[in-house]
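# Secondary and tertiary structure notes
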Amino acid sequence: MSRSKHILYPILFGALLLICSVGAIFIGVIKVPGELVWGSFLHRFHISGGIIVPAYYDMVIWQLRLPRIVMSLLAGASLAVCGCVFQSIFRNPICDPYILGISSGASLGAAAAIILGWDAMLFGITVPALVTAVLTLLLIMGIARLRNRHDTQTLLLTGIALNFLISAVITLLMVINQQEMQKIFFWTMGSVASATWQEIAILAPVMVIVFAVLYYFAKDLNILQLGSESAVSLGVNAQRTTYITLIASSLLIGIVVSFCGVIGFIGLIVPHICRLIFGSNNRHLFTYSIFFGALFLLVADTLARTIAAPSELPVGSITALAGAPYFIYLLLKKR
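Below is a short write-up of the structure.

Cut-offs applied
- Sequence order as written defines residue numbering, which begins from 1 separately in each chain.
- Only residues with pLDDT of 70 or above have their local features reported here, since the model is predicted, and side-chain atom pairs are shown and tallied only from 80 upward, although totals for entire chains, interfaces and linings are computed over all residues.
- Water and hydrogen atoms play no part in the side-chain values, which are based on all heavy atoms of the structure.
- The term nonpolar core refers to a set of buried residues drawn from Ala, Val, Leu, Ile, Met, Phe, Trp, Tyr and Cys, joined through side-chain atoms within 4.5 Å.
- The buried label applies to any residue whose accessible area, calculated with a 1.4 Å probe on protein chains only, is under 20% of its type's maximum; exposed applies above 50%, and partly exposed to all values in between.
- Elements are defined by DSSP. Helices are runs of H or I of four residues or more, strands are runs of E of two residues or more, and each kind is numbered from the N terminus.
- Whether two residues touch is decided by their heavy atoms; if any such pair falls within 4.5 Å, the residues are in contact.
- The working definition used for a salt bridge is a side-chain nitrogen of Lys or Arg within 4 Å of a carboxyl oxygen of Asp or Glu.
- Throughout, an axis means a line fitted to C-alpha atoms (over the contacting stretch in the case of helices), and angles, computed between N-to-C directions, take values from 0 to 180 degrees.
- In what follows, roughly perpendicular refers to angles from 65 to 115 degrees, roughly parallel to angles under 35, roughly antiparallel to angles over 145, and oblique to any angle outside these ranges.
- Put simply, a crossing is left-handed when the front helix is turned counterclockwise from the back one by less than a right angle, and right-handed when it is turned clockwise.
- Each residue is assigned to one class: nonpolar for Ala, Val, Leu, Ile, Met, Phe, Trp, Tyr, Cys and Pro, charged for Asp, Glu, Lys and Arg, and polar for all the others, Gly among them.

### Digging into the nonpolar core
One finds M71, F86, F90, L100, I102, L203 and F286 to be the most contacted residues of the largest nonpolar core, which totals 101 residues. It is helix α3 (residues 55-90) that contributes the most residues to this core, 19 residues altogether. In contact with I102, other than residues within four places in its own chain, are F86, P97, A133, T136, L137, I140, S250 and I253.

Spelled out as structure tokens, the structure:
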């Protein structure tokens, strides 16, 4: 693909994302007229537009719709880019943070925090989710290295086994703690309905920092796709690149999971489709995955809050409906 297209496409995708984001403001159980949305934006930026916006609609726009739209964009982009990293390192298109168990590890810490009553505290869920996400990653690597097995297949199978184990532990915690079962259950299904501007202010800078780290190692990740031995022969410190990018990705996943619950398959579908369309260069792949991941979760969340209105579906169920068949397709294709 020519360089001019790599400049033009992000602009077009950015415009598409903006249009879809604005359109999502109007969609929902509460219909917001277009002139009130425009008037609310003008009022928020202290511009006199001559449109009087009732406080009720202003609250719907700025406290309900916009926070979850922005959180959908940030979380979708984060999960998609982290999926790119995992697929590049493990050289496997069916590998993503959800399947590998990192998301489940973060959810274990969050579930424990909910049971202990820390969810009402600032960073009460975020810190445990971060810690357990990184510990899960380190445990996967540690188990795979017990018998000096560094191959990606061993790591992937270890992650899948731990994913089942952690899911079983979370289920046991819910059964033992009946009073918190419903809260944990709905949280593990994934949702951005409770997103706040405070959470966005935490996630956004962390996402930017992690993206910068991943972009810095994008060239090394490209070489790693040739295999660890080839990467070493080409002067790449394979172990350092693997550890830094995986830990950075796990930290970002932990924060996303602590705010949105477990939202699976975005890190599987989006990077794979982008790789088929735009090639395997991670510098370009990261960029396109940001747009497509954000758009994917935005559309999924919009469907989750509209198709069963006035009830709302967990967004994780919508992404699973799309991701599970695609996962089976990849398994059959890879034989």
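### Some thoughts on the pattern of salt bridges
In total, this model carries three salt bridges according to the counting rule given. For the salt bridge of R68 with E312, the shortest nitrogen-to-oxygen distance reads 2.8 Å. Placement of R68 in helix α3 and of E312 in the loop between α14 (282-304) and α15 (315-334) is noted, with a sequence separation of 244 residues between them. Its salt-bridge partner being R305, residue D301 comes within 3.8 Å of it at the nearest N-O pair. For D301, a relative accessible area of 2% translates into the label buried. Residue classification places R305 among the buried residues on the basis of a relative accessible area of 6%. Among the charged side chains, a network of salt bridges with common partners joins R68, D301, R305 and E312.

### What about the packing of α3 against helix α13 (residues 266-278)?
As a packed pair, α3 and α13 sit with axes 7 Å apart at the nearest point and diverge in direction by 70°. On the basis of the axis angle, α3 is roughly perpendicular to α13. The handedness of the crossing between α3 and α13 comes out as right-handed. Residues G76, L79, A80, G83, C84, Q87 and S88 of α3 pack against I266, G267, L268, V270, P271, H272 and R275 of α13. Considering only residue class, the contact of α3 with α13 consists of seven nonpolar, six polar and one charged.

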